[in-house]
Amino acid sequence: QVQLAESGGGLVQTGGSLRLDCGSSGGTFGNYTIGWFRQAPGREREFVAAITRSRHRPLYGDHVKGRFTISRDNAKNTVTLQMRSLKPEDTAVYYCAAGGQLPDTYYTYDYWGQGTQVTVSS
């Protein structure tokens, strides 16, 4: 059992940067692959990034490669998503999730945070 909570969302201008954090409690953070997904109104949930449990390998969705960086600190029970060169198309609710037997596939995750809104203005 693990409980997740996202923080760091907000409003940023095009080209700006924003850092999202995912914190966990109630379980051993290091036991899980952690993923980030996003969902905009009327759109399907989209894979953003993940970092694996065992080798800490980062994976990125096609639309964020080269702009976003995911990292984890198991001692602090946090996963960070550093977002750079933000675009209006990045506007969405961002969710972190734990589990991820298939890191880019949302339904393989077991636990989800409540989401945090990211809005990128033109």
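Refer to the structure above for everything that follows.
What you are looking at is a predicted structure, and each value in this text was computed from that prediction instead of being measured. The residue numbers shown here count from 1 along each chain, following its written sequence. Confidence filtering applies because this is a predicted model: local features only for residues at pLDDT of at least 70, side-chain atom pairs given and counted only at 80 or more, and all residues used for totals across whole chains, interfaces and linings. Note that water and hydrogens are dropped before the side-chain values are worked out from all heavy atoms of the structure.

With respect to the overall build of the chain
Then, number 1: On a plain count of helices and strands, the chain comes out with zero helices and 11 strands.
Then, number 2: To sort residues, take the accessible area from a 1.4 Å probe on protein chains only and compare it with the maximum for the residue type: under 20% means buried, over 50% means exposed, and anything in between is partly exposed. Across the 122 residues that make up the chain, the buried fraction comes to 43%.
Then, number 3: Taking all contacts inside the chain whose residues are at least 6 apart in sequence as the whole, residues at least 24 apart take part in 56%.
Then, number 4: With residues, only the protein chains shown are counted as cover, and all accessible areas are computed by Shrake-Rupley using a 1.4 Å probe. Accessible surface, the chain: about 6500 Å² in total, of which carbon and sulfur atoms supply 44%.
Then, number 5: Asp and Glu are treated as the negative residues and Lys and Arg as the positive ones, with His and the ends of the chain left uncounted. Lysine's charge is taken at NZ, arginine's at CZ, aspartate's at CG and glutamate's at CD. The averaged location of the 10 negative side-chain charges in the chain is 6 Å from the averaged location of its 13 positive side-chain charges. Only DSSP runs of H or I reaching four residues or more are called helices, and only runs of E reaching two or more are called strands; each is numbered from the N terminus. Here, residues are in contact when the closest pair of their heavy atoms is within 4.5 Å.

What to know about the nonpolar core
Then, number 1: Definition used in this section: a nonpolar core is a set of buried Ala, Val, Leu, Ile, Met, Phe, Trp, Tyr and Cys residues joined via side-chain atoms within 4.5 Å. If you look at the biggest cluster of nonpolar residues, it comprises 26 residues, and the most contacted ones within it are Trp-36, Leu-81, Met-83 and Tyr-94.
Then, number 2: The biggest single contributor to this core is strand 9 (residues 92-99), with four residues.
Then, number 3: Ranked by size, the runner-up nonpolar core spans five residues in total, among them Phe-47, Ala-50, Ala-97 and Tyr-109.

Describing the packing of aromatic side chains
Then, number 1: Classification of ring pairs uses Phe, Tyr and Trp, with its six-membered ring standing for Trp, and accepts pairs whose centres are within 6.5 Å; under 30 degrees between planes counts as stacked, over 60 as edge-to-face, and the remaining range as tilted. Per the stated rule, a full pass over the model turns up seven aromatic pairs.
Then, number 2: A ring pair is formed by Tyr-32 and Tyr-111, whose centres lie 5.9 Å apart and whose planes are at 85°; its orientation type is edge-to-face. With Tyr-32 in the loop between strand 3 (18-25) and strand 4 (33-39) and Tyr-111 in strand 10 (residues 111-112), this residue pair connects regions lying 79 residues apart in the sequence.
Then, number 3: Overall, the relative accessible area of 22% leaves Tyr-111 in the partly exposed class.
Then, number 4: The interplanar angle of 65° and the centroid separation of 5.6 Å between the aromatic rings of Phe-37 and Phe-47 together place this pair among those described as edge-to-face.

Topic: the pattern of salt bridges
Then, number 1: Any carboxyl oxygen of Asp or Glu that lies within 4 Å of a side-chain nitrogen of Lys or Arg is treated as forming a salt bridge with it. This model, assessed by the stated rule, comprises five salt bridges.
Then, number 2: In this structure, Asp-90 and Arg-38 form a salt bridge, with 2.9 Å as the shortest nitrogen-oxygen distance. With Asp-90 in the loop between strand 8 (78-83) and strand 9 and Arg-38 in strand 4, this residue pair connects regions lying 52 residues apart in the sequence.
Then, number 3: Judged by relative accessible area, Asp-90 falls into the buried class, the value being 1%.
Then, number 4: You can call Arg-38 buried: its relative accessible area is 5%.
Then, number 5: A salt bridge links Asp-62 to Lys-65, with the shortest nitrogen-to-oxygen separation between them at 3.4 Å.
Then, number 6: Residues participating in the shared-partner salt-bridge network are Arg-38, Glu-46, Arg-67 and Asp-90.

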